[in-house]
Every structure is written in structure tokens, then in C-alpha cells.
Amino acid sequence: MSDILVLVEHAEGEVKKVTLELLTLARSLGTPAAVWAGPGITAEAKARLAEYGAEKIYVAGSADIVDHVVAPKAELLAQLVAGKSAAAVLVAATAEGKEVAGRLAVKTDSGVITDAVGLSEGFVADQSIFGGGVNVHSRVRKGTPIIAVRPNSTAPVPAAGAGAEEEVAVELSDVAKAARVVERVKQEKGARPELTEAAIVVSGGRGVGSAENFSVIEGLADALGAAVGASRAATDAGWYPHQFQVGQTGKTVSPQLYIAAGISGAIQHRAGMQTAKTIVAINKDPEAPIFELADYGVVGDLHQVVPQLTEEIDKRK
Ligand SMILES: Cc1cc2nc3c(=O)[nH]c(=O)nc-3n(C[C@H](O)[C@H](O)[C@H](O)COP(=O)(O)OP(=O)(O)OC[C@H]3O[C@@H](n4cnc5c(N)ncnc54)[C@H](O)[C@@H]3O)c2cc1C
């Protein structure tokens, strides 16, 4: 079977969970071949990639790959697509992954699909479009399919692969080196998982009522090991930082569980969360549109419901 190239997302030598998800998807479609871009691959990282099915691991360890923003990654993948006759390329549908996908599509004269939430035989991708109102199945009909898959679209399942390592030397064009990274600032990370990667997200909206009250949402998130999200009404009011806004003009999340507390369910909010596997809504208005989307709904005051839920979860630990 042909290689399915999976661009590895990694930080400080660690493979991110989304890559394990992509390898899991790739296994059902061909031979998963992980592509490690940049220096710093570790024995643990290789073992992890093999554990989740990477038959091959292409390592392009040159610092040049990461010192010039995203263009070199697209050139690396283009080289591998041509050299290894790859059947498809999977990347994470992160901001960077989607930019790499777009550039790669131009370089290889191929079609690209972004924000896939599922992938099946024949590289048919599931997408949720028009603000989440329509689900479509799409397939690339030109060149090598390039598909950006949202984090949490599938559960990562281990199944050992050979993990055969191959060094790759890349000839970067001058154009790819036009922009240089001059400084890296480490983002202060809290104890909570990253919003777009979290398996569980607890979000609060205008119903939370104030910045102080967001501690109720954070309490439930911490009990569940979840990330905290917010509606635009909450971020615009200054109750929670904008980087946590979920929706059309915020982050897109696709967790296993999404809990929306005091959020009405406007189309722009749905656009960012409606591909969550299970949606729980807590709202005091039984007519709130969020209940049309929710798998489970609690009609009640979040200030009573959420602390009780947190307490119950803590008791079971
Ligand atoms: C171009 C554009 C882009 C946008 N992008 C986004 C986006 O990315 N993300 C986003 O979220 N919005 C976005 N919006 C805004 C969106 O249209 C809504 O205005 C917003 O999502 C509403 O937020 P909300 O549900 O928190 O507030 P509201 O719509 O005011 O709903 C609050 C809900 O809380 C409930 N409630 C109140 N008190 C309680 C309580 N004590 N307990 C339980 N429930 C309670 C109410 O019944 C109500 O349903 C965008 C709008 C536009 C025009």
C-alpha cells in the first residue's frame, strides 16, 4: 500500500495527541508514514509514532525547516509526495497545519480539504459547513489528496507499526527561506489542556453573569480535566480572555464532550463547536436554541447546576 504522509505536530520533543489521531486514521487507508519536520526527535517520540502505527518515520532534522515559518514544511512534504509516490497527506487542521496544506496543494497541483471531522475509504472526508448547518462528504479529484483533519475527530488507538526511520535532506528554495523566525516566546501554560486539543471543553456564556463567576466554569473544567471556553458575549464583556472564544470568529473545537453553560446557541457559536461528539447544555430557558443541538440538556440556573455537578464529579474521584 502507498504511503499516507502524516505531518507530525510536536513540541519540545513530544508528539501531540492529534498526530496519534491522524496515524489512527491513516492506518485504515494505507501505510502510515510520519513526517518529522525540524530538529529534536527523541527515542520516545519515535517509539510513540511507531506505537500508533507509523510504518515509516521520515526525519528532516535540519534547523532550516523550522527557522523559516511554514513554507519549508510545505516544500518538505512536496518533495516527499513526489519522491515516495504518497497516496495522501494528512495534517492537523490547526492554523499552521492549514497553511501548510494550502501551500502544499499549490506546489503539487492537488486538491485540499480543510477542517475534516472524519475520513473514510477513498479519502472521503466529512465536513461541517455553512456555520455548521450542513454536513458534506467531499473527495479530492485532482493530484494527491491533502486533508487537514480537526483535532479530536477520532480517538487515537495504538497498533504497532515498524517505525522504520529514514533521514530526509531537503533542498529549500530561497523563497521558502524568505521569512526568518528571529525569536520564540514560550506561551505561559496553565494546568488546563489546550482549548483546540482538549477532549472535554466546558464553556460559559452571558448567563455566567460576570468575570468572577467564571470560577464556577473553571471549577467544573478542573474537575473534568477539561479546557475552558467562552461565547463571544462573555469575551466581549471582558469576563474571559478572547483567546478562549469558541465560534465562527474564535476557536473551532471538536471535543468528545462539550458542556455549554449559559450559552444560547447562536449560529456563530455553533460553528465552532457543533462537531463535538456529545453536547451538554445547561440553560435556564427551555426554549434556548442550544437545546436543539444538545444530546443532553439541563434546564436550570447554571449557578446551582454547575457547582452541584462539580461536587458530584469530585465525589466520584
Ligand atoms: C460576524 C459575527 C461573528 C460572531 N462570532 C461569534 C463567535 O465566534 N462565538 C460566539 O460565541 N459568538 C459569536 N458571535 C455572537 C453570536 O451571534 C451571539 O451573540 C453570542 O454567541 C451570544 O453569546 P451567549 O450565548 O453567551 O449570549 P446570549 O445569546 O445572550 O445567551 C445567554 C444565554 O444564557 C442563558 N442564561 C442566562 N442566565 C442563566 C443562568 N443563570 N443559568 C443558565 N442559563 C442562563 C439565557 O437563557 C441565554 O440562553 C458572532 C456574531 C457575529 C455577527
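Please read these numbers as outputs of a predicted model, since none were measured by experiment. (Residues numbered from 1 in each chain as written. Predicted model: local features only at pLDDT ≥ 70, side-chain atom pairs only at ≥ 80, totals over all residues. Heavy atoms only, no water.)

1. Quick word on the side chain of Asp 67
Defined as follows: A run of H or I in DSSP becomes a helix once it reaches four residues, and a run of E becomes a strand once it reaches two; helices and strands are each numbered from the N terminus. Note on contacts: a residue pair is in contact if any heavy atoms of the two residues lie within 4.5 Å.
You can see Asp 67 is positioned in helix α3 (residues 64-67). What Asp 67 contacts, discounting residues up to four positions off in sequence, is Ala 179, Arg 180, Val 181 and Arg 184.

2. Details of the site of the ligand
Condition: Any residue with at least one heavy atom within 4 Å of a molecule or strand is counted as near it. Pairing of N or O atoms within 3.5 Å defines a polar contact, subject to two protein rules: one partner must be a possible hydrogen donor and the other a possible acceptor, and residues neighboring in sequence count only if both atoms are side-chain atoms. For accessible areas, the Shrake-Rupley method is used with a probe of radius 1.4 Å. Any residue's cover is judged against the shown protein chains and nothing else. Residue type decides the class: Asp, Glu, Lys and Arg count as charged, Ala, Val, Leu, Ile, Met, Phe, Trp, Tyr, Cys and Pro as nonpolar, and the leftover types, Gly among them, as polar.
What surrounds the ligand is a group of 25 residues, the closest being Arg 206, Ser 231, Thr 249, Ser 264 and Gln 268. Within the side chain of Arg 206, a nitrogen or oxygen atom sits 2.6 Å from an oxygen atom of the ligand. In the complex, the protein chains occlude 75% of the 980 Å² of accessible area that the ligand would expose alone. Put simply, the parts of the chain that give the shell around the ligand at least two residues each are α7 (232-236), α8 (267-270) and α10 (302-315). Residue classes in the shell around the ligand are distributed as 5 nonpolar, 15 polar and 5 charged.

3. Topic: the nonpolar core
Formally: Residues belong to a common nonpolar core when they are buried Ala, Val, Leu, Ile, Met, Phe, Trp, Tyr or Cys residues joined through side-chain atoms within 4.5 Å. In this scheme, a residue with accessible area under 20% of its type's maximum is buried, one over 50% is exposed, and one in between is partly exposed, where area comes from a 1.4 Å probe on protein chains only.
Formed by 28 residues in total, the largest nonpolar core has its most connected members in Ile 4, Val 15, Trp 36, Leu 49, Leu 90, Leu 119 and Ile 147. Mapped onto this core, the elements with two or more residues apiece are β1 (3-7), α1 (17-27), β4 (31-37), α2 (43-51), β5 (56-60), β6 (88-92), β7 (112-116) and β11 (146-149). Per-element tally for this core: the top contributor is α1, with 5 residues. Residues contacting Leu 49, with those up to four places away along its chain left out, are Val 8, Val 15, Thr 19, Leu 23, Ala 34, Trp 36, Ala 54 and Ile 57.

4. Details of the packing of aromatic side chains
Rules: Only Phe, Tyr and Trp rings take part, Trp by its six-membered ring, and two of them pair if their centres are within 6.5 Å. Stacked means planes under 30 degrees apart, edge-to-face means over 60, and tilted covers everything else.
With the rule as written, the count across this model stands at 2 aromatic pairs. A ring pair is formed by Phe 214 and Tyr 240, whose centres lie 4.6 Å apart and whose planes are at 20 degrees; its orientation type is stacked. You can see Phe 214 sitting in helix α6 (residues 214-224) and its partner Tyr 240 sitting in the loop between α7 and β15 (257-261), a full 26 residues away along the chain. On the accessibility criterion, Phe 214 (1% relative accessible area) is buried. Cluster of aromatic residues (ring-pair linked, three or more members): Phe 214, Tyr 240 and Phe 244.

5. A closer look at unusual backbone geometry
For Phe 123, which is not a glycine, the phi torsion comes out positive at approximately 55 degrees. Here Phe 123 is to be found in the loop between β8 (118-120) and β9 (124-129). Relative accessible area serves as the criterion here: at 14%, Phe 123 is assigned to the buried category. Phi is positive for Asn 152, close to 75 degrees, though the residue is something other than glycine. By the secondary structure assignment, Asn 152 is in the loop between β11 and β12 (164-167). The exposure class assigned to Asn 152 is buried, which follows from its relative accessible area of 1%.

6. Concerning the sheet that holds strand β16 (residues 278-283)
Short version of the rule: What makes two strands pair is DSSP finding at least two bridges between them. Helix axes are fitted only over the stretch in contact, all axes being lines through C-alpha atoms; the angle between N-to-C directions runs from 0 to 180 degrees.
Across the sheet, 5 strands lie side by side as β14-β13-β15-β16-β17; this open sheet has parallel pairing. The open sheet has two edge strands with one neighbour each: β14 (227-230) and β17 (296-299). Pairs of neighbouring strands in the sheet enclose a mean axial angle of 15 degrees, with direction left out of account. Taken together, the 4 bridges between strand β13 (residues 200-204) and β14 define a ladder with parallel strand orientation. Within β14, the residue paired with Gly 204 across the bridge is Ala 230.

7. A few points about the packing of helix α4 (residues 71-83) against helix α5 (residues 95-108)
Cut-off, in case you're wondering: When an angle is under 35 degrees it counts as roughly parallel; over 145 it counts as roughly antiparallel; between 65 and 115 it counts as roughly perpendicular; any other value is oblique. Throughout, a crossing is termed right-handed when the near helix is turned clockwise from the far one, and left-handed when it is turned anticlockwise from it by less than a right angle.
Interhelical geometry of α4 versus α5 gives an angle of 50 degrees and a closest axis separation of 8 Å. In terms of orientation, α4 and α5 fall into the oblique class. Seen from above, α4 lies across α5 with right-handed handedness. Listed contacts from α5 to Ala 71, Lys 73, Ala 74, Glu 75, Leu 77, Ala 78 and Val 81 of α4 are Glu 96, Val 100, Arg 103, Leu 104, Lys 107 and Thr 108. Taken together, the residues of the contact of α4 with α5 sort by class into 7 nonpolar, 1 polar and 5 charged.

8. Description of the environment of Ile 146
By secondary structure assignment, the location of Ile 146 is in strand β11. You can call Ile 146 buried: its relative accessible area is 1%. Each C-alpha atom of the pair Ile 146 and Arg 270 lies 26 Å from the other, and the pair is 124 residues apart in sequence.

9. Overview of the domain arrangement of the chain
Spelled out, the test is: Residue ranges assigned to each domain were obtained from an automatic or database domain assignment. Values labelled buried area give the accessible surface lost by two parts on being combined, using a 1.4 Å probe and summing over both.
Looking at the assigned domains, one finds that the chain contains domain 1 (3-177) and domain 2 (200-316). The distance between the C-alpha centroids of domain 1 and domain 2 comes to 31 Å. If you look at the interface, domain 1 gives 9 residues, while domain 2 gives 10 residues. Between domain 1 and domain 2, a total of about 730 Å² is buried, with carbon and sulfur atoms accounting for 47% of that surface.

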